[in-house]
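# Architecture at a glance
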Amino acid sequence: MNEVKRIGIIAKTTSPHAREVMVKLVPWLMGRNVEITVQEEYEGLSGTLAKAVPRNEVPTGVDIMLVLGGDGTLLSVARLVEGTDIPLLGINLGSMGFLTELGLEELFPALERVLTGKYGIEERMRLKVHLYREGDEIREFKVFNDVVINKGALARIFDLKAFVNGHEVTTYKADGLIVSTPTGSTAYSLSAGGPIVEPTLDVILISPICSHTLTNRPLVVPGSSLVELHLTGDPGKVYLTLDGQEGMSLSGGDRVQVKASSGRVKLIRTGSKTFYDVLGAKLHWGRR
């Protein structure tokens, strides 16, 4: 693998563990002749000379990004490195995550392997989302986990007509619908009864949320598919949410188009855990 000489670090600033980890981590890396860029909240940490910049500038010029936090933090950093080949190494500051799968006790051993080139890169699908209103495209988004269309606070179902490659699938009468990547299969889609999908597969998942028609089940389509969702009638308050971190209101007649993005998210894998190890630990498989 490529030699790692420059590392950007983004940590979840609201985590009580972040600062104490950074106090040890930054000098440890600099002692190994690694150039460090941190977000400005950690400027002057422990008297080190790490470069401190605004959060959105941390990825500039680095070889890899080290993400300290949870899966939500990694999702936000994945947006920051959009359009680059910068791989991400996630370290969970709380309980084990599906994306930030390494715990704090594995941080320094994992970095030792990375600095000596003993790591691999796993590429994950990303989705591109286009929102059309009255025939015009008004927004474009990139998501790593999922696209969610769901109702507001009132307990009211709405109609959502779904198409795959121009072919009508059905009209979902439900509380909402989730279109997710394989990575997102273990997020909101799983809670809605969707299948667990090996994250490196090239597929798109469509999972209804509390469907009023019990025969409407989750659907898995090829990653090359074009998924279109048409909001019909007067849906009331309905929202489009991207990766649980961005969102906007929808109106009747809006069309949401979802397809695979050409860009991929690159995750660093050091060989200490597999996807199935994480599944077993998170879902308590094999325990009584």
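Please read all numbers here as calculations on a predicted model, not as lab measurements.

The rules behind each value
Sequence order sets the numbering: in each chain, residues are counted from 1 along the sequence as written. A pLDDT threshold of at least 70 governs which residues receive local features in this predicted model, and a stricter bar of 80 or more applies before side-chain atom pairs are shown or counted, although totals over entire chains, interfaces and linings include all residues. Only hydrogens and water are set aside when side-chain values are computed; all heavy atoms of the structure are taken into account. Secondary structure elements follow DSSP: runs of H or I of four or more residues count as helices, runs of E of two or more count as strands, with numbering from the N terminus. Only protein chains enter the accessibility calculation, which uses a 1.4 Å probe; a residue whose area is less than 20% of its type maximum is buried, one above 50% is exposed, and one in between is partly exposed. A contact between two residues is defined here by any heavy atoms of the two lying within 4.5 Å. Between N-to-C directions, angles span 0 to 180 degrees; the directions come from axes that are lines fitted to C-alpha atoms, helices contributing only their stretch in contact. An angle below 35 degrees is treated as roughly parallel, one above 145 as roughly antiparallel, one from 65 to 115 as roughly perpendicular, and anything else as oblique. Two helices crossing with the near one rotated counterclockwise from the far one by less than a right angle form a left-handed crossing, whereas a clockwise rotation gives a right-handed crossing. Classes in brief: Ala, Val, Leu, Ile, Met, Phe, Trp, Tyr, Cys and Pro nonpolar; Asp, Glu, Lys and Arg charged; the others, Gly included, polar.

Here the focus is the environment of Ala-50. The topology assignment puts Ala-50 in the loop between β2 (35-39) and β3 (51-53). The exposure class assigned to Ala-50 is buried, which follows from its relative accessible area of 15%. Taking the C-alpha atoms as reference points, Ala-50 and Val-81, separated by 31 residues in sequence, lie 20 Å from one another. Beyond its immediate chain neighbours, meaning those up to four positions away, Ala-50 contacts Val-26, Met-30, Ile-36 and Val-38.

Running from amino to carboxyl end, helix α1 (residues 18-30) crosses helix α3 (residues 107-115) at an angle of 25°, the nearest separation of the two axes being 12 Å. Classified by the angle between their axes, α1 and α3 sit roughly parallel to one another. For the pair α1 and α3, the sense of crossing is right-handed. Taken together, the residues of α3 that come into contact with α1 (itself represented by Val-21, Lys-24, Leu-25, Trp-28 and Leu-29) are Leu-107, Phe-108, Leu-111, Glu-112 and Leu-115. Its residues assigned to classes, the contact of α1 with α3 comprises 8 nonpolar, no polar and 2 charged.

The residue Asp-175 is located in the loop between β11 (167-174) and β12 (176-180) in this model. A relative accessible area of 17% places Asp-175 in the buried class. Excluding residues within four positions of it along the chain, Asp-175 makes contact with Ile-149, Asn-150, Lys-151, Ile-157, Phe-158, Ile-209 and Cys-210.

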